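Here is what each chain is made of, one letter per residue.
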Amino acid sequence: MAIQAGLVGLPNVGKSTLFNALTRSSIPAENYPFCTVDPNIAITYVPDERLTKLTALFKSAKTVPATVKFVDIAGLVKGASQGEGLGNQFLSHIMEVDLILHVLRCFEDSNITHVHSSISPVDDFETICAELMLKDLESVSKREERLASIMKKPGTSQETKDRENEKIFLAAVKSALNTGDYTKVREIALQAKETGTPAMPLLSAKNFLIIANLSEDDYTGTTYQSNPHYQQLIKRFGQERVIPVSAKIEAELAQMNDQEATEMLSSLGIVEKGLNNIIAKAYANLGLITFFTCGPKDSHAWSIHKGTKCPQAAGEIHTDLERGFICAEVYNCEDLFTIGNEQQLKTLGKIRIEGKDYIVQDGDLLNVRFNV
């Protein structure tokens, strides 16, 4: 399972620079709006120290990390929902991602123009959300018209019930959209998902994180904590949803080997690369965990949603494993790190046989038994 995270933001906030850094790819990052026209896609690895340890313990010939798919979606502007700038096609690209990463400018630089002529990351966020909600409002209105026509036709009792529930859902969403309450929109969408209510996908109901793009000077050590723009974001969204980075520093790190990058991070007082932090936050936000399959051939990390049962986790490896699932030998990598080898784990009873109802835990190693 690859997370698909979309980087969105107004023009000239450092979004494409950050994308280049995160993916080590090379796309234009010039000082003018709409430089990025098509959604650029790249896949990068999820850093995980546990996988490195497992590769060494199993003497695996190959290491296969979990992956994250990043999509660089071109800069939005006010009026995008009506097609201003390059609006409509980019709004459709946002619908395809699992997580929105709002890149917000928190640095002052007279050499880099700002589309609104002043730096205000909260206002930038509101501009983007307003466009998402306006597009949702248009979509909801169209669906209401379509549903009204459908409700005139005969249907089963279940179909009639579903239509009524959807009508209620659309009315509630429309009310929240009209008042600009994106938090309420997300709550309504989540409730509909939990209750099984028929619900159309909504741009403004997407999960999101905030990336505060800081200057090089502000990002060193913990200096960013006193940046007034960063403080505004923390006050508005909370510590857990805001990720401080410096796209310029990340771009430099992306060009270095591991040793050079480590030395640079140490000299600047930075604990970890911005990419690592972004991925960790994305995992937490989307409720993802990692399990492993290991052997002489390879050590492989797999991403699944928290609460996934063993057969479905096996299906991430290969569909045949889910279809013919019998059981799985399971133990956690932390036990292996503590004890040192599988034979001792067996002696201590740490390796278990689990069936179809077992919920896979973060860090589990699976050896699936199946018959097709």
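Preceding this section is the structure that the text describes.
Throughout, residues of each chain are indexed from 1 in the direction in which the sequence is written. With pLDDT at 70 or above as the cut-off, local features in this predicted model cover only qualifying residues; side-chain atom pairs require 80 or more to be listed or tallied, and sums for whole chains, interfaces and linings still use all residues. Side-chain figures throughout are based on the complete set of non-hydrogen atoms in the structure, without hydrogens or water.

A. Region of the structure containing the pairing of strand β9 (residues 299-305). A 1.4 Å probe rolled over the protein chains alone gives each residue an accessible area, and that area as a share of the maximum for its type sets the label: buried under 20%, exposed over 50%, partly exposed in between. Each helix is a run of H or I in the DSSP string that is no shorter than four residues. Each strand is a run of E no shorter than two, and both are numbered from the N terminus. Counting buried positions along β9 yields six of seven residues, so the element is predominantly enclosed. Strands were regarded as paired on the criterion that DSSP finds at least two bridges between them. Looking at chain direction, strand β3 (residues 63-64) and β9 are connected through two bridges and run parallel. When the sheet's bridge partners are listed, Val-64 is paired in β9 with His-300. With seven bridges connecting them, strand β8 (residues 288-294) and β9 associate as antiparallel partners. Paired with Cys-294 across the bridge in β9 is Ser-299.

B. The side chain of Ser-204, seen in detail. Its place among the elements puts Ser-204 in the loop between α6 (182-195) and β6 (207-213). We call two N or O atoms a polar contact when they sit within 3.5 Å, provided that within protein one can donate a hydrogen and the other can accept it, with sequence-adjacent residues counted only if both atoms are side-chain atoms. Within the structure, the side chain of Ser-204 is placed 2.5 Å from the side chain of Asp-136, a separation counted as a polar contact. In contact with Ser-204, other than residues within four places in its own chain, are Leu-132, Met-133, Asp-136, Leu-177, Tyr-182, Val-185 and Arg-186. Only heavy atoms enter the contact rule, under which two residues are in contact if any of them lie within 4.5 Å.

C. Expanded view of the packing of helix α9 (residues 247-254) against helix α10 (residues 258-268). Here α9 crosses α10 at 150°, and the two axes come no closer than 9 Å. One element, α9, and the other, α10, form an angle in the roughly antiparallel class. Judged by the sense of rotation from one axis to the other, the crossing of α9 with α10 is right-handed. Within the contact between the two elements, α9 uses Ile-249, Glu-252 and Leu-253 and α10 uses Ala-261, Met-264, Leu-265 and Leu-268. Its residues assigned to classes, the contact of α9 with α10 shows six nonpolar, no polar and one charged. To obtain each axis, a line is fitted to C-alpha atoms, and for helices this fit is confined to the stretch in contact; angles are then taken between N-to-C directions over 0 to 180 degrees. Angles below 35 degrees are treated as roughly parallel, those above 145 as roughly antiparallel, those between 65 and 115 as roughly perpendicular, and all remaining angles as oblique. For any pair of crossing helices, the crossing counts as left-handed if the nearer helix is rotated counterclockwise from the farther one by less than a right angle, and right-handed if it is rotated clockwise. Think of it as three bins: nonpolar holds Ala, Val, Leu, Ile, Met, Phe, Trp, Tyr, Cys and Pro, charged holds Asp, Glu, Lys and Arg, and polar takes everything else, Gly as well.

D. Structural detail: the sheet that holds strand β1 (residues 3-8). With mixed pairing, the six strands of this open sheet are ordered in space as β2-β4-β1-β5-β6-β7. Only two strands of the sheet have a single partner each, and these edge strands are β2 (40-45) and β7 (242-245). The sheet shows a mean angle of 25° between the axes of neighbouring strands, taken without regard to direction. One ladder, built from seven bridges, connects strand β5 (residues 99-105) with β6; its direction is parallel. Looking across to β6, one finds that Leu-99 is bridged to Asn-207. Sheet strands touched by helix α1 (residues 15-23): β1, β2, β4 (67-72), β5, β6 and β7. Its angle to β4, the strand with the most contacts, is close to 155°. With respect to the sheet, helix α4 (residues 121-150) is in contact with β5 and β6, its orientation differing from that of β5 by roughly 140°.

E. Focus on the pattern of salt bridges. For this document, the term salt bridge refers to a Lys or Arg side-chain nitrogen within 4 Å of an Asp or Glu carboxyl oxygen. Evaluated as defined, the whole model comprises 13 salt bridges. Among the salt bridges present, the one from Glu-126 reaches Arg-236, with a minimum N-O distance of 2.2 Å. Of the two residues, Glu-126 sits in helix α4 while Arg-236 sits in helix α8 (residues 228-237), which places them 110 residues apart along the sequence. Judged by its relative accessible area of 27%, Glu-126 falls in the partly exposed class. Residue Arg-236 is classed as partly exposed on the basis of its relative accessible area, which comes to 38%. A salt bridge links Lys-281 to Glu-240; the shortest N-O distance between them is 3.7 Å. Of the two residues, Lys-281 is situated in helix α11 (residues 274-286) and Glu-240 in the loop between α8 and β7; the sequence distance between them amounts to 41 residues. Owing to a relative accessible area of 63%, Glu-240 belongs among the exposed residues under this scheme.

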